[in-house]
Amino acid sequence: MTGTYLGMPAFPDFPAFPAAAREAVRDEVLRANLRHATHTIRDKRAGAVAELADWDRLRAAGKAVKDHTLRHLDRYLLQLEEAVTAAGGTVHWAADADEANRIVTELVRATGEREVVKVKSMATQEIGLNEALEAAGIAAYETDLAELIVQLGHDRPSHILVPAIHRNRAEIRDVFRTEMAHWGRPAPEPLGDDPRELAEAARLHLREKFLRAKVAVSGANFMVAETGTMVVLESEGNGRMCLTLPETLISVVGIEKVVPTFRDLEIFLQTLPRSSTAERMNPYTTMWTGLGPSRGAEGDGPTAFHLVLLDNGRTDTLADEIGRQALRCIRCSACLNVCPVYERAGGHAYGSVYPGPIGAILSPQLRGTGSTIDASLPYASTLCGACYEVCPVAIDIPEVLLHLRERVAQGGPATRSGVRVTLRPADGHTAERAAMRAARLLLDRPGALRAGERLLARARRLAPRRLPGAGRAWTDSRELPTVAAQSFRDWWDRERSDPR
Amino acid sequence: MRAALFVTCVNDALYPRTGIAVVRLLERLGVGVDFPAAQSCCGQPQYNTGYRYETEPLVRRTARAFAGHEYVVTPSGSCAAMIRQHYPRIGRKAAAEGRGSELAEAAAALAPRVYELTEFLVDVLGVTDVGAHFPHTVTYHPSCHGLRGLGLGDRPRRLLAAVKGLDLVELPGAEECCGFGGTFAVKNPDVSTAMGTDKITAAAGTGAQVLCGADNSCLAHLGGLLRRADSPLRTLHLAEILASTEEEPLS
C-alpha cells in the first residue's frame, strides 16, 4: 500500500521537489528576499541562544519532556480532556482533516455566524480549514500580519513563522493597495512601503474584524494536561484580540502539542522565542483554561470554548521508532532559517504547509510517501546537519531523512491509519536501484574495482565534457573531475608495496 | 607507530595525489603506513540515498579490511563520519531485523579506531606544526560531515595556520554547506549549483589562490564550478598542503 493519506491536502499533482525548486532558484528577487531574511534571523538567533549558559540543558530537558509525553500520549490526552471539560470547555476528537473540518464547520454554523477571525495556526492550514469553511459559505479572516498578506495576495505561506518571508515591502504594499478593499476597510491612500505604514494599514483593516467577530478559530503552541490550559505565543497581539474578544473560541490542535504540567512550560517559553524570533521573552503569551477567566461572567474571554484534537497521521508517525521524533517539533522554524536548501528553494517548493527540513520529514510521515512530492522530500537535503544543530528539541532531522529515504528507495514497514503495512518502494527508483546494485557489486570486489579504475584511466583522454543521463545534471553546471592516470592503488603497489 | 590508510574510493580513482600526500606526511612524522588492499568504498553513496541493504556488504568489507589495525586514518571527514556514526546503526538494524549480530559487532569494533586525518594529527600524534611549507594565500572550507558530524572544530585551521609561508584568510559563511551532498548534487542540481556558486563566489572574494578542504567530494563539486567559470582559484585537499615542504614542494 503506497496510497496518499486522504485526510490532508496532499498536493497530489505537485511536482517533485527538484522541479519545484528550479523555478525558485531562478527567481532572483525571491532568492534575495529569502537570503536577506534567513541570514538576519539566523544571526540573531545565534546571539540570543548564546546568551543562555544552560542552553544545552534546556534543549535536553525539552527533548525529554516531549519524549516522555509522546510515550504516554494516551494518558496525557485523556487527562487533558478531563481538565478542559472540568473548566467548561468541550473536547472533540478528529481522526483526520475531513473530520476536523466538519466539526469546526458545524460548530461555526451552530452559532449562526458566517465569518470567523483566525489566530495564526499551522494545524488549521495543514487541514485546509479556510478552504473548507469557504466551501460552507463561511469567511475565515487571517489576523496575523504575515498570514493576512498571504491571504490577501491569494498566495500560500512559505515559512512556518514568517509566512510571507518570500515577499518584500514593495510587494506587500501592492497587495494591500489592490486587495484590502475587497474584504473590508481599504488601505489608506497614499500607501508607502515603510514597515510602519504597512503595519498601520493592517491594524486599521483588522480592527474592524476584531470588533465585529463573534467566533474565533485558533491553534495552540502547547496544551497543559494537568490544568487543561491552552497556550498561544505570538508577536503582534492580534492573536490575543481573537482569543479574548469573540464569544466562541474554537481551537484546533495537533495531539502532540500536549505537555504534562504547567511547570514544563518554563522550558519552552525560554527555547521557543529564542529559537524562532531571537527574542528573550515572547511578546504575547496568551493562556486560557476552558472558558474565559471569568467563566462567562464579566471580563475577557469567550463564553464557549471548543477544543478539536487533531490526529491526521500523528499516531501513525508515533508508531515509527525513528520518525516519531518529528512530533517533538515546537514549530520554531530555526531549521528553516539555517537550511541552505530552504534558502535557495523557498518554502513553496516543499509542497506543504511545513516547509524546510522539518517539513521534509513531517510531511512524508503525516501524508505518506505515495505522492511525487512526498517521495522527493526526503532527498531535499544535503544532510549538512545544520538543522539538527539548531533544533531546540534536538530532532535528529538527518537521521529521519535517511530513514525516510530508505522507505522511498527500498520500501519497508510503516503504519497507515493504525494498520501495520509493508510499503513498496516508490515509483521511479528502478534505474537508481540497479545502479546502486551494480556499484555495490563492483565495489565489493577490489579486483574488479582496480580493473575498472585502470580502464577509466586508459580512457581518460576520451572523457566527455558533458555526460548523458543522470550525469547530465552534474555536467550542466560543473566540469567533471579529471580521472588520474594511475589510481592510488597502482601507485601504492609500485612505490610502497611491501608484501608483509 | 603504524596506521592503516583508508584512502576512500573517490581518492583512489580520482584524487590519488591526496592519498600519496597522506602517506608522505605520515611517514615524515614517523608513522608507518599500511594499505590493506581489501578496502573499497565505505558505502556512503548507497546508504545516503536510501539503499541500506546495498551498504551492508561494504560495511562488512571495510570492517574486515581494517581488523587488527589500531589506527585507521582517512583523508575524508565524510567517510570517517559514515563509519563512526552510521556503521553501528546499520549493524544494529541488521540485528533488529533478525540477521544476526555479526555486522553490529564488526561495526562497533571498527568505529572507534577510525580517525579523520586532522583528528589523527592533532589528537593522536599531538602535532599542529607538521613542518609544512606552502607560500600561498589559502582559504578553508570545512565540510559539513567533518564539521558537524565529527566535530573537527578548529583542528584543520590550526594545522593550516602552522604551515610556513601560508597566509590563511577566513572564508565568509564558511560553515554553510557547499551543496554537494553526494547524490544531492545530481538529484537537486539547481539548488546544488546555486549553493556551490555562492560558496565559490565567497571564496574568490577572499583573494585566496587556493580553496582548501578536507573532503575531495566537496572539492570536486566546487572545483568543477570554478573550472566551468574559468576561475584562477584552485582547489586543494588539506593533506596536499600539509605534505608540501621546502625540500619537496607541492608541484
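Report follows, based on the coordinates. As a convention, each chain's residues are numbered from 1 in the sequence order in which they are written. Written order decides the labels, with chains lettered from A and ligands numbered from 1. Local features in this predicted model are restricted to residues of pLDDT 70 or higher, and side-chain atom pairs are both shown and tallied only at a pLDDT of 80 or more, whereas totals for entire chains, interfaces and linings draw on every residue. Water and hydrogen atoms were dropped before computing side-chain values, which therefore reflect all heavy atoms in the structure.

**Remarks on the overall build of chain A**
Next up, step 1: Within chain A one finds 23 helices and twelve strands.
Next up, step 2: The atom set for the radius of gyration is the C-alpha atoms, and the globule formula is 2.2 Å times the number of residues raised to the power 0.38. Radius of gyration (C-alpha) of chain A: 26 Å, near the 23 Å computed for a compact globule of 500 residues.
Next up, step 3: Residues classed as buried in chain A amount to 58% of the 500 residues present.
Next up, step 4: The contact criterion used throughout is that any non-hydrogen atoms of two residues lie within 4.5 Å. Within chain A, contacts between residues separated by at least 24 positions form 73% of all contacts whose residues are at least 6 apart in sequence.
Next up, step 5: Element-wise, carbon and sulfur atoms account for 53% of the exposed surface of chain A, whose accessible area totals about 21000 Å².
Next up, step 6: Considering chain A, the positive charge centre built from 64 side chains and the negative charge centre built from 64 side chains are found 7 Å apart. Counting from the N terminus, the helices are the DSSP runs of H or I reaching at least four residues and the strands are the DSSP runs of E reaching at least two. For the exposure calls, accessible area comes from a 1.4 Å probe over protein chains only, and a residue counts as buried if that area is under 20% of its type's maximum, exposed if over 50%, partly exposed in between. Only the protein chains shown count as cover for residues, with accessible areas throughout obtained via the Shrake-Rupley method and a probe of 1.4 Å. Asp and Glu count as negative and Lys and Arg as positive, but His and the ends of the chain are not part of the count. To locate a charge, take atom NZ for lysine, CZ for arginine, CG for aspartate or CD for glutamate.

**Examining the sheet that holds strand E3 (residues 139-142) of chain A**
Residue and element names in this part refer to chain A.
Next up, step 1: Strand order in the open sheet formed by six strands is E1-E10-E7-E4-E2-E3, with parallel pairing between adjacent strands. The two strands at the open ends of the sheet, each matched to only one other strand, are strand E1 (90-94) and E3. Averaged over neighbouring strand pairs, the angle between their axes works out to 25° when direction is ignored.
Next up, step 2: Where strand E7 (residues 248-254) and strand E10 (residues 304-310) come together, seven bridges link them in parallel fashion. Along E10, the bridge assignment pairs Val-252 with Val-308. The pairing criterion for strands is at least two bridges between them, as found by DSSP. Simply put, an axis is a line fit to the C-alpha atoms, just over the touching stretch for a helix, and the angle between two N-to-C directions goes from 0 to 180 degrees.

**Considering the packing of helix H8 (residues 145-152) of chain A against helix H9 (residues 169-183) of chain A**
Residue and element names in this part refer to chain A.
Next up, step 1: Contact geometry for H8 and H9: axes closest at 9 Å, N-to-C directions at 75°. If you check the angle between H8 and H9, you find them roughly perpendicular. Contacts from Leu-145, Leu-148, Ile-149 and Leu-152 in H8 reach Ile-172, Val-175, Phe-176, Glu-179, Met-180 and Trp-183 in H9.
Next up, step 2: Of the residues that constitute the contact of H8 with H9, the class distribution is nine nonpolar, no polar and one charged. Roughly parallel refers to an angle under 35 degrees, roughly antiparallel to one over 145, roughly perpendicular to one between 65 and 115, and oblique to any angle outside these ranges. Here the nonpolar group is Ala, Val, Leu, Ile, Met, Phe, Trp, Tyr, Cys and Pro; Asp, Glu, Lys and Arg are the charged ones; every other residue, Gly included, is treated as polar.

**With respect to the pairing of E7(A)**
Residues and elements named next belong to chain A.
Next up, step 1: Burial within E7 is extensive, with seven of its seven residues counted as buried.
Next up, step 2: Judged by which residues are buried, E7 turns out to be covered on both faces: Thr-248, Ile-250, Val-252 and Gly-254 on one side and Leu-249, Ser-251 and Val-253 on the other are all buried.
Next up, step 3: Pairing analysis gives four bridges linking strand E4 (residues 215-218) to E7, with the strands arranged parallel. By the bridge assignment, Val-217 is partnered in E7 with Ile-250.

**So, the interface of chain B and chain A**
Next up, step 1: In this assembly, 66 residues from chain B lie in contact with 68 residues from chain A.
Next up, step 2: Summed over both partners, buried area is the accessible surface (1.4 Å probe) that two parts give up on being assembled. When chain B packs against chain A, close to 5800 Å² is buried across both sides, 55% of that on carbon and sulfur atoms.
Next up, step 3: Between Lys or Arg on one side and Asp or Glu on the other, a salt bridge is scored when a side-chain nitrogen of the former is within 4 Å of a carboxyl oxygen of the latter. Counting the contacts that link chain B with chain A gives 17 salt bridges.
Next up, step 4: A salt bridge links B:Glu176 to A:Arg42; the shortest N-O distance between them is 3.4 Å.
Next up, step 5: We call two N or O atoms a polar contact when they sit within 3.5 Å, provided that within protein one can donate a hydrogen and the other can accept it, with sequence-adjacent residues counted only if both atoms are side-chain atoms. Viewed at the interface, chain A and chain B are joined by 31 residue pairs in polar contact (both at pLDDT 80 or more).
Next up, step 6: Tallied by class, the residues present in the side of chain B that touches chain A amount to 32 nonpolar, 17 polar and 17 charged.

**Notes on the pattern of salt bridges**
Residues and elements named next belong to chain A.
Next up, step 1: Tallying each qualifying case throughout the model produces 51 salt bridges over all chains.
Next up, step 2: With a shortest N-O distance of 3.1 Å, Arg-167 and Asp-155 are connected by a salt bridge. Here the residue Arg-167 occupies a position in the loop between H8 and H9, and Asp-155 occupies one in the loop between H8 and H9, the gap between them amounting to twelve residues.
Next up, step 3: By relative accessible area, which is 27% here, Arg-167 ends up partly exposed.

**Examining the packing of aromatic side chains**
Next up, step 1: Only the six-membered ring of Trp is used, alongside the rings of Phe and Tyr, when aromatic pairs are assigned; centres must lie within 6.5 Å, and planes under 30 degrees apart are stacked while those over 60 apart are edge-to-face, with the rest tilted. Applying the stated criterion across every chain, the model contains 14 aromatic pairs over all chains.
Next up, step 2: Arranged with centres 6.3 Å apart and planes meeting at 90°, the rings of A:Trp288 and A:Phe305 form a pair that is edge-to-face. Of this pair, A:Trp288 sits in strand E9 (residues 284-289) while A:Phe305 sits in strand E10, and the two are 17 residues apart along the sequence.
Next up, step 3: The exposure class assigned to A:Phe305 is buried, which follows from its relative accessible area of 1%.
Next up, step 4: Among the aromatic side chains, those forming a connected cluster through ring pairs are A:Phe488, A:Trp491, A:Trp492 and B:Phe35.
Next up, step 5: In this structure, A:Lys66 is placed above the aromatic ring of A:Phe268, and the distance from its NZ or CZ to the ring centre is 5.9 Å. In our convention, an over-ring charge means Lys NZ or Arg CZ found within 6 Å of a ring centre and within 35 degrees of that ring's normal.

**Looking at the packing of helix H11 (residues 189-205) of chain B against helix H12 (residues 216-228) of chain B**
Residue and element names in this part refer to chain B.
Next up, step 1: As a packed pair, H11 and H12 sit with axes 10 Å apart at the nearest point and diverge in direction by 75°. Classified by the interaxial angle, the pair formed by H11 and H12 is roughly perpendicular. Residues Ser-192, Thr-193, Gly-196, Thr-197, Lys-199 and Ile-200 of H11 form the contact with H12, whose participating residues are His-221, Leu-222, Leu-225 and Leu-226.
Next up, step 2: Counted by class, the contact of H11 with H12 contains four nonpolar, five polar and one charged residues.

**With respect to the environment of B:Glu116**
Residues and elements named next belong to chain B.
Next up, step 1: Here Glu-116 shows up in strand E4 (residues 114-116).
Next up, step 2: Sequence spacing of Glu-116 and Gln-85 is 31 residues, and the spatial spacing of their C-alpha atoms is 13 Å.
Next up, step 3: When residues no more than four places from it in sequence are discounted, the contact partners of Glu-116 are Thr-74, Ser-76, Gly-77, Ala-80, Leu-150, Leu-152 and Ala-214.

**A short note on the pairing of strand E7 (residues 210-213) of chain B**
All names here are of chain B.
Next up, step 1: In E7, alternate side chains face the same way, and those of Val-210 and Cys-212 on one face and Leu-211 and Gly-213 on the other are all buried.
Next up, step 2: Examined bridge by bridge, strand E5 (residues 137-141) and E7 share four bridges and lie parallel to one another. Across the sheet, the residue bridging to Thr-139 is Leu-211, located in E7.
Next up, step 3: Where E7 and strand E8 (residues 234-237) come together, four bridges link them in parallel fashion. When the bridges of E8 are listed, Leu-211 appears paired with Thr-235.
Next up, step 4: Looking down the strands as they point away from you, a crossover is right-handed if its path from the first strand over the helix to the second goes clockwise. A crossover connection joins E7 to the parallel E8 through H12; in handedness this β-α-β unit is right-handed.

**Some remarks on the side chain of A:Glu147**
Residue and element names in this part refer to chain A.
Next up, step 1: Within the secondary structure layout, Glu-147 lies in helix H8.
Next up, step 2: Using a relative accessible area of 3% as the deciding quantity, one classes Glu-147 as buried.
Next up, step 3: For Glu-147, the residues in contact, after removing those within four places along its chain, are Lys-120, Gln-125, Glu-142, Pro-157 and Pro-163.

**Let's talk about helix H2 (residues 28-50) of chain A**
Residue and element names in this part refer to chain A.
Next up, step 1: Helix length check: H2 (23 residues) gives 33 Å between terminal C-alpha atoms against 33 Å at 1.5 Å per residue, within 8%.
Next up, step 2: Three or more residues of H2 are buried, namely Leu-30, Arg-31, Asn-33, Leu-34, Thr-38, His-39, Ile-41, Arg-42, Arg-45, Ala-48 and Val-49.
Next up, step 3: Backbone nitrogen of Val-29 and a side-chain oxygen of the N-cap are separated by 3.2 Å at the start of H2; the cap is Asp-27. Expected helix span is given by 1.5 Å per residue-to-residue step, counting one fewer step than there are residues.

**A look at the nonpolar core**
Across soluble globular proteins, nonpolar side chains show a tendency to be buried alongside one another.
All names here are of chain A.
Next up, step 1: Within the largest apolar cluster, 92 residues are counted, with the highest numbers of intra-cluster contacts made by Phe-17, Phe-222, Ile-358 and Ile-361.
Next up, step 2: When neighbours within four sequence positions are excluded, Phe-222 is seen to be in contact with Thr-229, Met-230, Val-231, Leu-233, Lys-257, Val-259, Leu-265, Phe-268, Leu-272 and Ile-330.
Next up, step 3: Residues grouped as a nonpolar core are buried Ala, Val, Leu, Ile, Met, Phe, Trp, Tyr and Cys residues, joined through side-chain atoms within 4.5 Å. In this structure, Ile-172, Leu-198, Phe-210 and Leu-318 belong to the second largest nonpolar core, which totals 46 residues.

**Description of the environment of A:Ala334**
Residue and element names in this part refer to chain A.
Next up, step 1: Positionally, Ala-334 belongs in helix H14 (residues 334-338).
Next up, step 2: Judged by its relative accessible area of 2%, Ala-334 falls in the buried class.
Next up, step 3: Measuring from C-alpha to C-alpha, the distance between Ala-334 and Ala-438 comes to 40 Å, with 104 residues separating the pair along the chain.
Next up, step 4: If we skip the residues at most four places from it in the chain, Ala-334 touches Arg-45, Ser-275 and Val-390.

**Some remarks on the sheet that holds strand E6 (residues 167-169) of chain B**
Residue and element names in this part refer to chain B.
Next up, step 1: The parallel open sheet is built from four strands, whose spatial order is E6-E5-E7-E8. Looking at the sheet topology across the chains shown, the edges are occupied by E6 and E8. Sheet twist, expressed as the mean angle between neighbouring strand axes with direction ignored, is 35°.
Next up, step 2: Here E5 pairs with E6 via three bridges, running parallel.

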